[in-house]
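# Tertiary structure, described
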Amino acid sequence: MDAVYQTEALIAEDIDAYLDVHQHKTMLRFITCGSVDDGKSTLIGRLLYDSKMIFEDQLAALESDSKKVGTQGQEIDFALLVDGLAAEREQGITIDVAYRFFNTEKRKFIVADCPGHEQYTRNMVTGASTADLAVILIDARKGVLVQTRRHSYLCQLIGIRNIVLAVNKMDLVDYDQARFDAIVAEYRAFAQSIGIESFTAMPISGFKGDNITTRSDNTPWYSGPTLIDHLETVEVLSSLDADKPFRLPVQWVNRPNLDFRGFSGLISTGSVKPGDTVRVLPSGKTSTVSRIVTLDGDLDEAVAGQSVTLTLADEIDCSRGDVIATADNPPQAADQFEATIVWMDDDAMLVGRSYWLKLGTQTVSVTVQQPKYTINVNTLEQLAAKTLELNAIGVAEIATDKPIVFEPYAQNRALGGFILIDKLTNRTVGAGMLHFSLRRAQNVHWQATDVTREVHADLKNQKAKVLWFTGLSGSGKSTIANEVEKTLSVMNRHTFLLDGDNVRHGLNRDLGFTEADRIENIRRVGEVAKLMADAGLIVLTAFISPFRAERDMVRQMLPEGEFVEIFVDTPLEVAEARDVKGLYKKARAGNLKNFTGIDSPYEPPENPDIRVNTVEMTPAEAAEFIIRQLMPLK
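The structure displayed is predicted, hence computed values, not measured ones.

### Let's talk about the overall build of the protein
- Along the protein, the regular secondary structure elements total 20 helices and 28 strands.
- In the protein, once contacts between residues fewer than 6 apart in sequence are set aside, the share between residues at least 24 apart is 72%.
- Working note: accessible area of the protein is about 29800 Å², and carbon and sulfur atoms make up 49% of it.

### Regarding the nonpolar core
- Core analysis: the biggest nonpolar cluster contains 43 residues, and Ile31, Ile163 and Tyr187 have the highest contact counts within it.
- Looking at this core element by element, the count peaks at 7 residues for helix H8 (residues 177-194).
- Shared between two domains, this core holds at least three residues of each, these being domain 1 (2-235) and domain 3 (332-443).
- In this structure Ile163 touches Ala134, Ile136, Cys155, Tyr187, Ile196, Ser198, Phe199 and Thr200, once residues within four positions along its chain are discounted.
- Within the second largest apolar cluster, 31 residues are counted, among which are Phe337, Ala339, Leu350 and Leu415.

### Focus: the pattern of salt bridges
- Tallying each qualifying case throughout the model produces 25 salt bridges.
- Residues Arg453 and Glu562 are paired through a salt bridge, measuring 2.5 Å at the closest nitrogen-oxygen approach. With Arg453 in helix H13 (residues 453-459) and Glu562 in the loop between helix H17 (548-557) and strand E27 (563-569), the pair connects residues that are 109 residues apart, well separated along the chain.
- Three or more residues joined by partner-sharing salt bridges are found here, namely Arg453, Lys530, Asp534 and Glu562.

### Topic: the sheet that holds strand E24 (residues 465-470)
- Pairing in this open sheet of 5 strands is parallel, and the strands run E25-E26-E24-E27-E28 from one edge to the other. The open sheet terminates on both sides in strands that have one partner only, identified here as strand E25 (495-499) and strand E28 (610-613). The mean inter-strand angle of the sheet, taken between neighbouring strand axes irrespective of direction, is 20 degrees.
- With 5 bridges connecting them, E24 and strand E26 (residues 538-542) associate as parallel partners.

### Quick look at helix H14 (residues 477-490)
- Between its first and last C-alpha, H14 extends 20 Å over 14 residues, near the 20 Å set by a 1.5 Å rise per residue.
- What H14 keeps buried is the set Lys477, Ile480, Ala481, Val484, Glu485 and Leu488. In a view along the axis of H14, the buried residues occupy a sector of 140 degrees, so they form one face of it.
- One or two positions beyond H14, positive phi appears at Asn492, with a value near 65 degrees.

### Some details on the environment of Met557
- Tracing the chain through its elements places Met557 in helix H17.
- On the accessibility criterion, Met557 (19% relative accessible area) is buried.
- Taking the C-alpha atoms as reference points, Met557 and Glu527, separated by 30 residues in sequence, lie 7.8 Å from one another.

### Some thoughts on the packing of aromatic side chains
- Counted according to the given criterion, the structure contains 10 aromatic pairs.
- Ring centres of Tyr187 and Phe199 lie 5.1 Å apart, and the angle between their planes is 90 degrees; this geometry places the pair in the edge-to-face category. Of the two residues, Tyr187 is situated in helix H8 and Phe199 in the loop between H8 and strand E6 (200-203); the sequence distance between them amounts to 12 residues. The pair formed by Tyr187 and Phe199 is uniform in burial state, with each residue classed as buried.

About the criteria used
- Residues numbered from 1 in each chain as written.
- Predicted model: local features only at pLDDT ≥ 70, side-chain atom pairs only at ≥ 80, totals over all residues.
- Heavy atoms only, no water.
- Helix = DSSP H or I, 4+ residues; strand = E, 2+ residues; numbered from the N terminus.
- Contact = heavy atoms within 4.5 Å.
- Areas by Shrake-Rupley, 256 points an atom, 1.4 Å probe, with all protein chains shown as cover.
- Core = buried A, V, L, I, M, F, W, Y, C linked by side-chain atoms within 4.5 Å.
- Buried < 20%, exposed > 50% of the residue type's maximum accessible area, 1.4 Å probe, protein only.
- Domains from an automatic or database assignment.
- Salt bridge = Lys/Arg side-chain N within 4 Å of Asp/Glu carboxyl O.
- Pairing = 2+ DSSP bridges.
- Axes fitted to C-alpha atoms, helices over the stretch in contact; angles between N-to-C directions.
- Expected span 1.5 Å × (residues − 1).
- Arc of directions from axis to C-beta.
- Phe/Tyr/Trp six-rings, centres within 6.5 Å; stacked < 30°, edge-to-face > 60°.

This is the structure:
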């Protein structure tokens, strides 16, 4: 064993030379995926073992653990090198994505061991999102299974073009060529149906080591490369990206002193040289690259995969989130798209809710429309759906609150792939791939007007405001809002009251009371309130508006300081005792579904601008208190 695990001689002779050689090796990121128990973890363990990436203490622990919890009798269970969670070792399966690093004389590798179970689809997508190559394992005894098809589809969806079909456990079928050929033929027919144009098939045994690092005598009928030979020579994504048009998403404006201003980021595609003409998007301003600055000095050229700082010849506006691109072939900017979304959260997607969308270095608010369809990844059927549940994959239209610079995911992962983040919890709830911008996003533009919202407000001798009354049904929102409006009218203020019940008679008569409909209800009211504020009015709205995310969405529609959240704070038992409309009684009897406070949640404001307690105040007193807090309105 000691002879097998000797370190490379160069390490002992000249560590600096070894590190220099290591630094200039190319990096290949790949994943292993397939059905449960196809041998993914065992294969990675074998690669680590054969590439001499296991220390002596790890080897001793591996031998000990193999005897205690291994699945290979008294022999070494290589899967234990990767399955690190206690639950994985107990069940002999992979749950989380496990990343491992190893290297050979020719290349460095980062491999992600992805789980095979359907409930961990989100984990598999996470592992595949940065991969250049996928090793899809098939148990030679079982052939192509449902999970094999699902993972192949996900690899194709995410854009992995280098596929290795590794027919594993050939030792258990006596290295039968006919069995291997039958599996490859079946997989080829399926692969062509989902758009996988080519793949490399090889017979292996991760446990025995056949065709992993050396050609096996057990498969004389196989003339292709070993797995490690293929991994060492396949073309990596970064080399393909270097031939594409230049794109640099700006991560940081580097301004250490008054004499230097540079724009730092990772070049996603293409190459750049001093003197090149570039365009900054979305503004469209052009300039010329003066210098390419790095810690090790200026460069004559920088290519995809390098992190650099560019200085420009002209003082133009450029900040984090902008994209510096080649001037004669820039990417597009738009605010409406069709996208494929993989939902990764336990809570279902809420149609119309505002999420954060992070694409490259750009972060914007986005709303997702009802999916056009979801995809059954087992049968590839397109199914109708109203939302996306955990692990669901669907195609939907999305709209951002401002234009973002993008390219279709098939052309550029960095400018076409995005994640969705819940604004309240900061959880990553989804990942997506942009297909194209919607035509209406290109054809609909803001029309500039000479009479501005400030002029409208000055004509009325007041400041535009949106007074947003929120609280439980029966809290007194409408009553107090009505009192406030009467007082404002006496003060010669120009107002309009939008009441929840009144709006549902017309504008929102098509909406029900599900979470998705409540979100859409508030979105529409927010847009109307914004237009009225643009007209210089003081707008009062009386809506339960149960979700913080939607109230924050409306706040973001307006200039800072114009949105005033007024929490009509009434305990549930008090509101239910009032029950002026008899709604609580119906809800308690089960005759009124999705009623806020009973079987639908209410999220009270955490930091309202104004709070009134209707247990301690009459409506008139509450209105007077609100007016005092608002003064002056001019």
